[in-house]
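# A look at the structure
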Amino acid sequence: MKIRVVFGAIACGLVLALVGSARADQSDESHSQRVFKIGVLATLTGSGSSLGIDTVAALQIAEEQLQADAISQRGGYRFHFFVRDTQHDPSKALEAIKDLDRRGVQIIIGPQTSSEVAMIKPYADAHNILVISQGSTASSLAIPGDNIFRLCPDDVLEAKAIVALMLHDGISNIVPLWRNDAGNNGLHDSVKAQFEALGGTVASGFRYETTTTDFSAATSSIASQITTLVGGGTDASTIAVYLAAFDEVVNVFHAAQLMGVPLSTTRWYGSDGVALSAALTGDATAAAFAASVDYPNPIFGLPDSLQSEWQPISDEIEARTGIKPDAFALSTYDALFVIQRALEDVGDLKDFAAFKAAFVSEADAYVGITGSMALNSAGDRANGDFDFWAVRNDIWVRIGTYSNGAITIFP
C-alpha cells in the first residue's frame, strides 16, 4: 500500500523525462524472441509519486545491467518498458492494463496500492497477465493460485510488527483512525485482530473517506473516545492512536494540533503508507506534531547484512531521481532478475502457466539485494522484517527494527 509524495520543479522535470522515455518505448514495437515487453503501472505525478519514480529508475538500472551481461555473453534477454502513470487511481490502473494487453504485454510490475491491484486482478487472471506489485499489502488479496504476486509482506505481518512495538511500549488500548481503502482497511483489521488476541482493547475509532480534506470531525471523534477511556479509569499512558493513512497525514496532524489535549498528549503509531513521507517532513507544523507524539511507522526493511549490495543501487537511484529509495522500490530491481531467470527456464511466454511456475520457482530460490525473494502460498513475500521510522527534527530517523518476532530499539 506504500505511496509517498515528491515536490519541486526538479522532480516535475524528472517525471516528464520518465514519461517521455516511456512513450518512446511504447512506440517502438520492434522486438525479437529475446526482447520482452514489461508493463509498469506506477504513480509518477501527484501524491505517491516518489515510489513510482524510484521504481522506474530501479527497473532501468536492472535492465542496463542485464543488457550489459547479454552483450558480453552474446545472448540473454532484454526488456522494453511500457510505463503508465496510474496516480494510484484504480480506474486508471484498469484502463492501463487493458491497453497493455492490446499491446501484447503479459508481465506487469506494479501497481503500488491494494485498491489498484484489487481493480485489475480479475482482468489479469482472465487474460494470462502476471502482475508483480511492489507495494500492495491488503491481506484480502492474499489468494493462492491467482496471477497476482507481491514483493512485500502483507498487512498481517506489518500488523505483527506494529502491535509488537505497541506492547513493548506498554500500550494496552488503541483508538484507530484509518483511511477507507483496501490497503488501510486491511491494516486496521489485522492490527485490531492481533491486538485483541494479545489482550489489548481496541475502540471503535474513526474511518474517513479517501476524499476527506477536513479532519476536524475525525480528530474530534478520536479525542472524545480517548477522553471516555480516561474518564472510565484507563491509565492515559496505556492509550495510543493507531493511524493507517497516506500523505493526508499532514491535514490530520494540522487538525490534531489545533485540537490540542488529549491528542497532543497521547502517543501515535503509524503505517507503511506514511513511513518516509516527504509530505510530512516538508510541513513544519505536521512534522513538529509527529515528533511530539513519537509516531513510529513500520515499513518493509532492507537487511543490514546486505547493505554492501543494496547501497550502490540505492545511491544510483537517488542520483537519478533525487529521492532515496526504500525496500519497496529496490524490490523491483530484484524482480527483473527473477523474471529474466524464469524466461531463461521456459524460453518465451507462449506457455503462460509454465512461465508462471518458473517465476515462482526462481523467486523462491533467489536472494537479491533486498534479501530472499521467497514467496508464501498466496504469492506474497514471505519475509516479514520491518524497520521503524519516526520524525525527529524534521527528518526521518530509523529508530528500531522488528525481526523474527523481536523488537530492537536504537539508543
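Structure report, in brief.

Rules behind the numbers
Residues numbered from 1 in each chain as written. Predicted model: local features only at pLDDT ≥ 70, side-chain atom pairs only at ≥ 80, totals over all residues. Heavy atoms only, no water. Pairing = 2+ DSSP bridges. Helix = DSSP H or I, 4+ residues; strand = E, 2+ residues; numbered from the N terminus. Axes fitted to C-alpha atoms, helices over the stretch in contact; angles between N-to-C directions. Contact = heavy atoms within 4.5 Å. Core = buried A, V, L, I, M, F, W, Y, C linked by side-chain atoms within 4.5 Å. Buried < 20%, exposed > 50% of the residue type's maximum accessible area, 1.4 Å probe, protein only. Arc of directions from axis to C-beta. Polar contact = N/O pair within 3.5 Å; in protein donor to acceptor, adjacent residues only side chain to side chain. Expected span 1.5 Å × (residues − 1).

### Observations concerning the sheet that holds strand β3 (residues 107–109)
If you walk across this open sheet you meet the five strands as β2-β1-β3-β4-β5, and the pairing is parallel. The open sheet is flanked by β2 (78–85) and β5 (148–150), the only strands paired with a single partner. On average, adjacent strands in this sheet sit at an angle of 25 degrees to one another, irrespective of strand direction. For strand β4 (residues 130–133) and β5, the ladder comprises three bridges, and the chain directions are parallel. Each residue of the ladder has a partner; that of S133, found in β5, is R150. Across the sheet, helix α3 (residues 90–102) lies against β1 (35–42), β2, β3 and β4, angled at about 145 degrees from β2, the strand it touches most.

### Digging into the nonpolar core
In terms of nonpolar packing, the biggest core is built from 112 residues, with F79, F253, W268, L280, Y295 and I339 touching the most fellow members. Considering each element in turn, this core owes the most residues, twelve residues, to helix α12 (residues 327–346). Excluding its chain neighbours within four sequence positions, the residues that come into contact with L280 are V249, V250, F253, V274, A286, A287, A290, Y295, V391 and W396. Listed in part, the 18 residues of the second largest apolar core include A96, A138, L141 and I148.

### A short note on helix α10 (residues 284–292)
Taken together, the buried positions of α10 are occupied by A286, A287, F289 and A290. Axial view of α10: buried residues confined to an arc of 160 degrees, hence all on one face. Exposed and oriented more than 90 degrees from the buried face of α10 are A284 and S292. At its buried positions, α10 is contacted by α8 (249–259), β10 (267–269), α9 (278–281) and β14 (386–392). Where α10 begins, the side chain of D283 points an oxygen toward the backbone nitrogen of T285, at a separation of 3.2 Å. Note on α10: the residue one or two positions beyond its end, D294, has a positive phi of about 80 degrees.

### So, the environment of I171
With respect to the helices, strands and loops of the structure, I171 is situated in the loop between α5 (155–168) and β6 (173–179). Given the relative accessible area of 2%, I171 is considered buried. Each C-alpha atom, one on I171 and one on A240, is 6.6 Å from the other, the two residues being 69 residues apart in sequence.

### Section: unusual backbone geometry
With an omega of -5 degrees, the peptide bond between G110 and P111 qualifies as cis. In this fold, P111 is placed in the loop between β3 and α4 (114–126). Of note, the bond from V261 into P262 is cis; its omega dihedral lies within 30 degrees of zero at 5 degrees. Residue H88 is not a glycine yet carries a positive backbone phi of 40 degrees. Relative to the helices and strands, H88 is located in the loop between β2 and α3. In this structure H88 comes out as buried when scored by relative accessible area, which is 19%. With a phi angle near 70 degrees, L276 is a residue other than glycine that sits in the positive phi range. Within the secondary structure, L276 is located in the loop between β10 and α9.

### As for helix α13 (residues 352–365)
Residues spaced three or four apart along an α-helix face the same direction, because each turn holds 3.6 residues. An ideal rise of 1.5 Å per residue puts 20 Å on 14 residues; α13 measures up with 20 Å between its terminal C-alpha atoms. Within the sequence span of α13, burial applies to F352, F355, K356, A358, F359, E362 and A363. Each buried residue of α13 sits inside an arc of 160 degrees when the element is viewed along its axis, so together they form one side. With respect to the buried face of α13, the exposed residues turned more than 90 degrees away are A353 and A365. Looking at the buried residues of α13, the elements they touch are β3, β4, β5 and α12.

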